[in-house]
Amino acid sequence: MLSVAAAAFAHGAEGLDTRRSGYEFMSAETRAMQDDDLLNPAMLWVLDGEALWRQKAGTNQSACADCHGDAAGSMKGVAARYPAWDDRARRPINLQQRINACRVSRQGAEPFADESREVLALLAYVGRQSRGMPIEIAVDARVEPFLKSGRELFFRRQGQLNLACTQCHDEYSGKKLAGIPIPQAHPTGYPIYRLEWQSVGSLQRRLRNCMNGIRAQPYAYGAPEFVDLELYLLWRARGMKVETPAVRP
Amino acid sequence: MSRAIVNVPSSARRGEVIEIKTMVAHVMETGFRRTQLGVVIPRNIITEFVCRYNGSEIFRATLYPAIAANPVFTFTTIATESGTLEFVWRGDNGYTATASATITVT
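Residues numbered from 1 in each chain as written. Chains lettered and ligands numbered in written order. Predicted model: local features only at pLDDT ≥ 70, side-chain atom pairs only at ≥ 80, totals over all residues.

1. With respect to the overall build of chain B
So, point 1. The number of helices and strands found in chain B is zero helices and eight strands.
So, point 2. Along chain B, helices (α) and strands (β) appear in the sequence β-β-β-β-β-β-β-β when read from the amino end.
So, point 3. Evaluated residue by residue, chain B yields a buried proportion of 20% over its 106 residues.
So, point 4. Long-range pairs, those at least 24 residues apart, make up 58% of the contacts in chain B with a sequence separation of at least 6. (Helix = DSSP H or I, 4+ residues; strand = E, 2+ residues; numbered from the N terminus. Buried ≥ 20, exposed ≤ 12 C-beta atoms within 10 Å, placed from the backbone. Contact = placed C-beta atoms within 7 Å.)

2. Some remarks on the nonpolar core
So, point 1. Formed by 51 residues in total, the largest nonpolar core has its most connected members in Ala42, Trp45, Ala124 and Leu231 of chain A.
So, point 2. For this core, the secondary structure elements donating two or more residues are helix H3 (42-53), helix H7 (117-128), helix H8 (144-155), strand S5 (192-194), helix H10 (203-213) and helix H11 (224-236) of chain A together with strand S3 (17-24) and strand S4 (46-53) of chain B.
So, point 3. When residues of this core are sorted by domain, at least three fall in each of domain 1 (2-11 + 19-30 + 139-248) and domain 2 (42-128) of chain A.
So, point 4. Val8, Cys51, Ala79 and Leu85 of chain B belong to the second largest nonpolar core, which has eight residues in total. (Core = buried A, V, L, I, M, F, W, Y, C linked by C-beta atoms within 7 Å. Domains from an automatic or database assignment.)

3. Details of the domain arrangement of chain A
Residue and element names in this part refer to chain A.
So, point 1. One can read the domain layout of chain A as domain 1 (2-11 + 19-30 + 139-248) and domain 2 (42-128).
So, point 2. Spacing between the C-alpha centres of domain 1 and domain 2 amounts to 23 Å.
So, point 3. The partner domain 2 presents 19 residues to the 19 residues of domain 1 that form the contact.
So, point 4. Looking at the side of domain 1 that touches domain 2, the elements that each hand over two or more residues are strand S6 (199-201) and H11.
So, point 5. Residue classes in the side of domain 1 that touches domain 2 are distributed as 12 nonpolar, four polar and three charged. (Nonpolar A, V, L, I, M, F, W, Y, C, P; charged D, E, K, R; others polar.)

4. Section: the sheet that holds strand S7 (residues 83-91) of chain B
Residue and element names in this part refer to chain B.
So, point 1. Read from one edge of the open sheet, five strands run S2-S8-S7-S4-S5, paired in mixed fashion. Strands at the two margins of the open sheet, each flanked by one partner only, are strand S2 (11-12) and strand S5 (56-62).
So, point 2. Here nine bridges tie S7 to strand S8 (residues 95-105), and the two strands are oriented antiparallel to one another. Counterpart to tryptophan 89 in the pairing with S8 is alanine 97. (Pairing = 2+ DSSP bridges.)

5. Side note on the interface of chain B and chain A
So, point 1. Contact residues are listed per partner, giving 10 residues for chain B and nine residues for chain A.
So, point 2. Those elements that place two or more of their residues in the side of chain B that touches chain A are strand S1 (4-7) and S3 of chain B.
So, point 3. Of the residues belonging to the side of chain B that touches chain A, the class tally is six nonpolar, two polar and two charged.

6. A few points about the environment of histidine 26 of chain B
So, point 1. With respect to the helices and strands, the residue histidine 26 of chain B is situated in the loop between S3 and S4.
So, point 2. For the pair histidine 26 of chain B and asparagine 70 of chain B, spaced 44 residues apart in the sequence, the C-alpha separation amounts to 4.9 Å.

7. Structural notes on the environment of arginine 19 of chain A
So, point 1. For arginine 19 of chain A, the location among the structural elements is in the loop between helix H1 (2-10) and helix H2 (28-35).
So, point 2. Counting along the chain gives 86 residues from arginine 19 of chain A to serine 105 of chain A, while the straight-line C-alpha distance between them is 39 Å.

Okay, structure coming up:
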């Protein structure tokens, strides 16, 4: 049932994939920033992430590198398959939650705070290792109910403006809101360097902006609603290439 | 020290024009923004960027609050001799950052 609904959006009359990354809705100058690692400000975070990868932390005084070795090898493809099922949490979790779980259980360290420079740096660094690879979200009987929940959130009218994600991002994508093209909301490049933030931020930060925009009370960072929604959005973008770390206006 | 990325060609022919790209991590707080409670967020910007090629200054810039965060400078120079390019950023509150790169000129 879910796959049929997604196919209706994803494929035009001739079976062509009509999905487009937010990259294609940007100006040439912004795209040039993303394409050149020497101009992409998110690379500053990637380099910080690379340093953090090797930094010993916590009561175990271990670094990511101690277990995972060289990230270019061990992390290849990892970001492309998150959110993913986690046995300990007994639900799908996103990459930040996975990193923090490692931090607490393996390193014996405090989890990183939401939107902290450290966690964004590690997300950018780990995500970078999947750049160019197709997003692949594995869905089985355990994941299915959370995917369904995420889909319901995407289609639910919310807030004072009583709008659902699907109305802008499916029905009106390509048209303009306040003079700015509405993209299709495929989170292919997170964490992104958003020019509006002058900083790197997570998908949840962007979703909170959207919820504020429709005058809805945003979910708290890390809320199960957000992770379900991230799961649905990444599943909806499956097959599209990872662009992490992307630049967005 | 905040992260800096500099790109200088590793080698060049004598007399060749080379392009140098630099980027440094800095919030570049303008001093015009206010918090939700109306309190001014104090100015905190980089004010100066200098590049020296084997000790001689080849590029200098003065920055003002209009420059966005994580400033990028791209400029050209002529490859004259092998050696080191040094980059220095200075700013408010005693901020400094440095980077360097070497070039072989044949």
